Amino acid sequence: MTDPRPRQVLAAIPAYRPGRPALDESHKLSSNENPFPPLPGVVERAAAGLARMNRYPDPGVTALGEALAERHGLSTDHFAFGTGSVSVLFGLLDAWCGPGDEVVYPWRSFEAYPIAVDLPGATSVRVPLTADHRHDLPAMADAITERTKVVLVCTPNNPTGPVVTEAEFEEFMARVPTTVLVVVDEAYVEFVRDPDALAGAAALARHANVVVLRTFSKAYGLAGLRIGYSMAHPAITEAIRKALPPFGVTDIAQAAALASLEAQAELEERVEAVVAERTRVFDALREQGWDVPSSHANFVWLPLGERSAEFAEHAHPISVRPFPGGVRVTIGTPEINDAFLARAAAFRR
Ligand SMILES: *Cc1c(COP(=O)(O)O)cnc(C)c1O
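What counts as what
Residues numbered from 1 in each chain as written. Predicted model: local features only at pLDDT ≥ 70, side-chain atom pairs only at ≥ 80, totals over all residues. Heavy atoms only, no water. UniProt positions renumbered as here; feature names shortened; annotations may be inferred. Core = buried A, V, L, I, M, F, W, Y, C linked by side-chain atoms within 4.5 Å. Buried < 20%, exposed > 50% of the residue type's maximum accessible area, 1.4 Å probe, protein only. Domains from an automatic or database assignment. Helix = DSSP H or I, 4+ residues; strand = E, 2+ residues; numbered from the N terminus. Phe/Tyr/Trp six-rings, centres within 6.5 Å; stacked < 30°, edge-to-face > 60°. Pairing = 2+ DSSP bridges. Contact = heavy atoms within 4.5 Å. Polar contact = N/O pair within 3.5 Å; in protein donor to acceptor, adjacent residues only side chain to side chain. 1 Å grid on protein atoms, 1.4 Å probe; cavity = no way out; pocket = protein on both sides within 12 Å on 5 of 7 lines; lining within 4 Å. Points joined across faces, edges and corners; volume = space filled by probe spheres on them. Nonpolar A, V, L, I, M, F, W, Y, C, P; charged D, E, K, R; others polar. Buried area = accessible area lost by both parts, 1.4 Å probe. Salt bridge = Lys/Arg side-chain N within 4 Å of Asp/Glu carboxyl O. Axes fitted to C-alpha atoms, helices over the stretch in contact; angles between N-to-C directions.

- If you check an unreviewed UniProt entry, the protein chain appears there as Aromatic amino acid aminotransferase from Aeromicrobium tamlense.
- As its UniProt record puts it under Sequence similarities (unreviewed entry), the protein chain is described as follows: "Belongs to the class-II pyridoxal-phosphate-dependent aminotransferase family."

### Concerning the nonpolar core
Side chains that are nonpolar tend, in soluble globular proteins, to be buried together.
Thinking step 1. Membership of the largest hydrophobic core comes to 79 residues, with the highest contact counts inside it found for Leu-64, Phe-169, Phe-172, Leu-285, Phe-311 and Phe-340.
Thinking step 2. Per-domain counts for this core show at least three residues from each of domain 1 (18-38 + 265-348) and domain 2 (42-262).
Thinking step 3. Grouped together as the second largest cluster of nonpolar side chains are 26 residues, Phe-110, Ala-122, Cys-154 and Ile-236 included.

### Topic: the UniProt feature "domain: Aminotransferase class I/classII large" (unreviewed entry) in the protein chain
Thinking step 1. The sites that UniProt annotates as "domain: Aminotransferase class I/classII large" (unreviewed entry) are residues 28-341.
Thinking step 2. In residues 28-341, the share of helix is 39% and the share of strand is 17%. The end C-alpha atoms are 14 Å apart.

### Structural notes on the packing of aromatic side chains
The geometry of an aromatic ring pair is captured by the separation of the ring centres together with the interplanar angle, meaning the angle of the planes.
Thinking step 1. On inspection of all chains with the given rule, the structure shows 15 aromatic pairs.
Thinking step 2. An angle of 40 degrees between the planes, with centres 5.7 Å apart, marks the rings of Phe-81 and Tyr-229 as tilted. Taken as a pair, Phe-81 in strand 1 (residues 79-82) and Tyr-229 in strand 7 (residues 228-231) lie far apart in primary sequence, 148 residues in all. The pair Phe-81 / Tyr-229 is uniform in exposure class, with both members buried.
Thinking step 3. Take Tyr-229: its relative accessible area is 4%, and that puts it in the buried class.

### What to know about the pairing of strand 7
It is a general feature of regular strands that their side chains alternate between the two faces of the sheet.
Thinking step 1. Neither face of strand 7 is exposed, since Gly-228 and Ser-230 on one face and Tyr-229 and Met-231 on the opposite face are all buried.
Thinking step 2. By the bridge criterion, four bridges tie strand 1 to strand 7 in an arrangement that is antiparallel. For Gly-82, the partnering residue across the bridge sits in strand 7 and is Gly-228.

### Points about the UniProt feature "modified residue: N6-(pyridoxal phosphate)lysine" (unreviewed entry) in the protein chain
Thinking step 1. UniProt's feature table lists "modified residue: N6-(pyridoxal phosphate)lysine" (unreviewed entry) at Lys-218, given in the numbering used throughout.
Thinking step 2. Along the polypeptide, Lys-218 turns up in the loop between strand 6 (210-215) and strand 7.
Thinking step 3. Not counting chain neighbours up to four residues away, the residues in contact with Lys-218 comprise Ser-31, Asn-32, Asn-34, Ala-187, Tyr-188 and Phe-191.
Thinking step 4. Looking at Lys-218, its side chain comes within polar contact range of the side chain of Tyr-188, at 3.1 Å.

### Description of empty space enclosed by the protein
Thinking step 1. Tallied over the entire structure, the rule returns two cavities of 30 Å³ or more.
Thinking step 2. When its volume is computed, the largest cavity comes out at roughly 40 Å³.
Thinking step 3. If you trace the largest cavity, you find it lined by Asn-34, Phe-36, Pro-37, Pro-38, Leu-39, Ala-219, Tyr-220, Gly-221, Leu-267 and Arg-270.
Thinking step 4. Taken together, the residues of the lining of the largest cavity break down into seven nonpolar, two polar and one charged.
Thinking step 5. Here the lining of the largest cavity gathers at least three residues from each of two domains, domain 1 (18-38 + 265-348) and domain 2 (42-262).
Thinking step 6. Each pocket or cavity is described by its volume, and for the second largest cavity that value is around 30 Å³.
Thinking step 7. In this structure, the second largest cavity is lined by Thr-155, Pro-156, Val-163, Glu-186, Val-189, Val-192, Ala-197 and Leu-198.
Thinking step 8. Its residues assigned to classes, the lining of the second largest cavity shows six nonpolar, one polar and one charged.

### Digging into the domain arrangement of the protein chain
Thinking step 1. Taken domain by domain, the protein chain comprises domain 1 (18-38 + 265-348) and domain 2 (42-262).
Thinking step 2. Computed over C-alpha atoms, the centres of domain 1 and domain 2 are 24 Å apart.
Thinking step 3. Summing the contributions of domain 1 and of domain 2, the shared interface buries around 2,100 Å²; its carbon and sulfur component is 62%.
Thinking step 4. The interface formed by domain 1 and domain 2 holds two salt bridges in total.
Thinking step 5. Where domain 1 meets domain 2, there are nine residue pairs in polar contact (both at pLDDT 80 or more).
Thinking step 6. For the side of domain 1 that touches domain 2, the elements supplying multiple residues, two or more each, are helix 10 (264-287), strand 8 (299-305) and strand 9 (321-323).
Thinking step 7. Considering every element that reaches the side of domain 1 that touches domain 2, the biggest residue donor is helix 10, with six residues.
Thinking step 8. Within the side of domain 1 that touches domain 2, the residues separate by chemical class into 12 nonpolar, seven polar and four charged.

### As for the pairing of strand 4 (residues 148-154)
Thinking step 1. Here strand 4 lies mainly inside the structure; six of its seven residues are buried.
Thinking step 2. Bridge count between strand 2 (residues 102-107) and strand 4: three bridges; the pairing is parallel. Residue pairing in the sheet places Val-103 in a bridge with Val-150 of strand 4.
Thinking step 3. Here five bridges tie strand 4 to strand 5 (residues 181-185), and the two strands are oriented parallel to one another.

### A short note on the sheet that holds strand 6
Thinking step 1. Pairing is mixed across the open sheet formed by seven strands, whose spatial order is 1-7-6-5-4-2-3. Unpaired on one side and paired on the other, strand 1 and strand 3 (123-128) mark the two borders of the sheet. When the angles between neighbouring strand axes are averaged without regard to direction, this sheet yields 25 degrees.
Thinking step 2. Pairing of strand 6 with strand 7 involves four bridges; the strand directions are antiparallel. Each bridged residue has a counterpart across the sheet, and for Arg-214 the counterpart in strand 7 is Tyr-229.

Given below as structure tokens:
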């Protein structure tokens, strides 16, 4: 008689361990959340959905699909919705990969990627970032073999911040077989201010094998409601939809996302405020002598090498996110950003 055992791949996946808690929510600069409350009208519209919680939600996420289709000039069969874009990525990799298949992605990048690749039994092929913390797209193209099913591109890259440029991406795509799916993760696209940056939606029009991932968790401030989506050709979208758990997106989340889309002017104002704070924090860190890469997301990266954990401890009661190699710090309110800058200045290097 033996204990029930999960699949062997689970042994390699780390269990979630919460970090040291922040003093309060405003001091939490560890998860790239939006420091602003939900946009005007969003709580009211979401609350209207609460009264229907005895019913299953709309499985097609129809109204939101129509709103996004109009916004992007695409038909609704280009959109798959899930409980955050991470969940859409899990479904996509489940639909495309099994044991023996390879997924190429930059590293360091988003910490959900290795888990999403491991779970279906596929193999991670990690391509190190360049010395300036950017995707090494030529090396990623070199890493593609006949076993490669999917390539992940994260722009801006979490946790380091730089974007992939359109020119770099096109050079890369010229070397990628059309049978390989290229996922462009644009979780932070609203914060991008580089005119040369890749625009995933435009890339979709040029390449039938591109999938764009978007989320309402970051700029739109709906992280707690769990809603994100993919944009891709209808045949790809259909496969992703099949692989996602049914009824994942609640009517509450759909209503909140719709109301957020309608509050476009206020959204832009808030994103602008975060971008202004990002610039201020970046400049101040450079002034302090930190070698910070230029970020187009709502966070900055301190390449601390071996001293990441030490810095995270030093930053307390502000919580930041240490990784091997560096620390990621979310842009928060101006007051907390100032408090963080003071901790950074006081760190003995
Ligand atoms: C936050 C994030 C996402 C989206 O997360 P969800 O909350 O699941 O939508 C996706 N990719 C990256 C790189 C992120 O940082």
